[in-house]
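# A structural walkthrough
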Amino acid sequence: MFNGFTGVLYRELHVFSKKAKKQIIASSLSPLLFLIAFGWGFGKEVTVDGLPYITFLIPGLITMSALNQSYGIALELNISRFYFHVFDEFLIAPVRQVEIVLGEACFGIFRAMISAALIFIYSILFGVKLIISPIFFLAFFFHTFLFATLGVTMAMIVKDHGSQASVNTFVITPMIFLCGTFFPVDKLPAFFKGMVHILPLTYSTKVIRASLTGGNINTTYLGLMAAFAILFFGTALWAVKRVEA
Amino acid sequence: MPSDKPILQVRALTKRFGQKSAVRGIDLTINEGEFWGLLGANGAGKTTTIKLLTGLTRPDSGEIQYRGRDFFRFFREAKKLIGVVPQQNNLDRDLTANENLTLHAILHGIPRKHRAERINEVLDVAGLTEYRDKPVKTFSGGMKRRLVVVRSLLHHPRILFLDEPTSGLDPQIRRNLWELIQKINREQKTAVLMTTHYIEEAEKLCHRVKIISSGQVIADDTPEQLKKGIGHYVLEGGEQELFFKTMQDAKDKQKTVHGESSVREVSLEDVFIKLTGKRINV
Ligand SMILES: Nc1ncnc2c1ncn2[C@@H]1O[C@H](COP(=O)(O)OP(=O)(O)OP(=O)(O)O)[C@@H](O)[C@H]1O
Ligand SMILES: [Mg+2]
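Residues numbered from 1 in each chain as written. Chains lettered and ligands numbered in written order. Predicted model: local features only at pLDDT ≥ 70, side-chain atom pairs only at ≥ 80, totals over all residues. Heavy atoms only, no water.

### Here we look at empty space enclosed by the protein
Inspection of the entire model under this criterion finds three cavities of 30 Å³ or more. Counted as a void, the largest cavity has a volume near 100 Å³. Lining the largest cavity, in full, are Phe90(A), Leu91(A), Val95(A), Gln97(A), Ile100(A), Val240(A), Lys241(A), Val243(A), Gly55(B), Arg58(B), Phe75(B) and Lys79(B). Listing elements by their share of the lining of the largest cavity, those giving two or more residues are helix H4 (87–92), helix H5 (97–125) and helix H10 (219–242) of chain A together with helix H2 (75–80) of chain B. Partitioning the lining of the largest cavity into residue classes produces seven nonpolar, two polar and three charged. (1 Å grid on protein atoms, 1.4 Å probe; cavity = no way out; pocket = protein on both sides within 12 Å on 5 of 7 lines; lining within 4 Å. Points joined across faces, edges and corners; volume = space filled by probe spheres on them. Helix = DSSP H or I, 4+ residues; strand = E, 2+ residues; numbered from the N terminus. Nonpolar A, V, L, I, M, F, W, Y, C, P; charged D, E, K, R; others polar.)

Here it is in structure tokens:
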């Protein structure tokens, strides 16, 4: 019944398990560097939005890492499309395209969960207390699902591996720097402030940070995250249906 | 013997890549159990045709039906009938032979309890039993090719698309593979559409052959009829080849030729060269 979903997860998890150690170490390094540079650098004296900076920063890093990991499946999908043609096995198989999308999304969420867990460990080491509530899990799910399905969409529509890299350079990286990971977006000049409110990461960061630090959850933002998740699920499905080998 | 029930019917299939027409109006009917060859020079459109027929590429126009039902409306049902050996190996290099086959088994809905048995069966056929748990990236080209071929058989397809299944294999292995494919075709009545650059392979295996050139069919018949079409005997001398109905005619002509010459039976390769004006590049 769910052969496509099971197949995609079987493939992704088996490949992942062979590289798990390397990948986990690699993905744990950059948040640690940010924590050391900004967390220790600014210390506990600096407060942002009424929080010690390091407490402000850690939820931002969780959101960022989760984005990198969930969206990051795009890169691997690209390699399997363009270099080894492994993706053709999914396309030739008698499975629904929606199962391929959901299988890949689940794998993206799984990777994001590992990276988030690592940062939770860091937060303990740095003596930062975070509140883990059901609303956090809901927000985290919307966040990772929307970026995983965005990743699937991009991986299907790019024509080669190079264009995938440009998307990362021109969209993903600026988004991480502007959408509230390191400082509150309210500090941005009006033009940029308007711009970042088109980008889903802004809402993810706000909601996830509020949920982890005991702030007020803006339900409109949570709703917008859900809307983005549905939108990108739709585009991913559309893209997998029209992709050609 | 093949039946006269069509498993695949194709009408007026076309595919363009930008300005370039790769497939220009191909018609094809394959009956259950038939063995077809699709021959053509490099770039003739063989791979594109197979991609169209297996749903990897969408046609610009034309109709594809499996067992009388539209391919795209009954996409999943039709795909269950299909087994594919693509021109380029598409194995997962990081996975072992067993894991690659297991993935295929899952995707094709082979029940868990039959999986291991079926996988061991095809590994044995491929002569890869002792490499079951080795990562594919450690395999030689020939081992990978064999794995791809038996993987396509795992789910007992009713029609097999083989895009140069034997390219890059040494003669012994190639022969084994022919025998395997022929056995599947004979015993399980699996229809086959095979492209190949080894024309003698097509001549030996195929019930019928289509020759395509620049995306169009230029000949379609049994290897026997195709050979009859140009004559039974060929006189080779110097630059040219001449074709004759009888051995005697050929021998008579040979007496008038200067220099070295020889008379032999016509092969499918002669037909191919005559029709396409090209020698196939191996
Ligand atoms: N994705 C593509 N984009 C643009 N042109 C393509 C694409 N795929 C194939 N073509 C063109 O279509 C034509 C047919 O290619 P195809 O791969 O079907 O040939 P082939 O008969 O399989 O050749 P070969 O014997 O070399 O494998 C060629 O001219 C090729 O350049
Ligand atoms: Mg080809």
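### A short note on a nonpolar patch on the surface
Residue and element names in this part refer to chain A. Judged by side-chain polarity, Leu 75, Ile 79, Tyr 83 and Phe 84 come together as a nonpolar surface patch covering roughly 350 Å² of accessible area. Here Leu 75 lies in helix H3 (residues 73–82). Leu 75 gets classed as partly exposed once you look at its relative accessible area, which sits at 40%. (Patch = residues over 30% accessible without salt bridge, like charges linked within 9 Å, V, L, I, M, F, W, Y side chains within 5 Å. Areas by Shrake-Rupley, 256 points an atom, 1.4 Å probe, with all protein chains shown as cover. Salt bridge = Lys/Arg side-chain N within 4 Å of Asp/Glu carboxyl O. Buried < 20%, exposed > 50% of the residue type's maximum accessible area, 1.4 Å probe, protein only.)

### Section: the packing of helix H1 (residues 3–42) of chain A against helix H2 (residues 53–71) of chain A
To describe two helices that pack against each other, one gives the angle between their axes and the distance between the axes. Residues and elements named next belong to chain A. Where H1 meets H2, the closest approach of the two axes is 10 Å, and the angle between their N-to-C directions is 160°. Comparing the axis directions of H1 and H2 gives the class roughly antiparallel. Judged by the twist between their axes, the crossing of H1 over H2 is right-handed. Contact with H1, carried on its side by Ser 27, Ser 30, Pro 31, Phe 34, Leu 35, Phe 38, Gly 39 and Phe 42, involves Tyr 53, Ile 54, Leu 57, Ile 58, Leu 61, Met 64, Ser 65 and Gln 69 of H2 and no other residues of that element. In terms of residue class, the contact of H1 with H2 is built from 11 nonpolar, five polar and no charged. (Axes fitted to C-alpha atoms, helices over the stretch in contact; angles between N-to-C directions. Parallel < 35°, antiparallel > 145°, perpendicular 65-115°, else oblique. Left-handed = near helix turned anticlockwise from the far one by under 90°. Contact = heavy atoms within 4.5 Å.)

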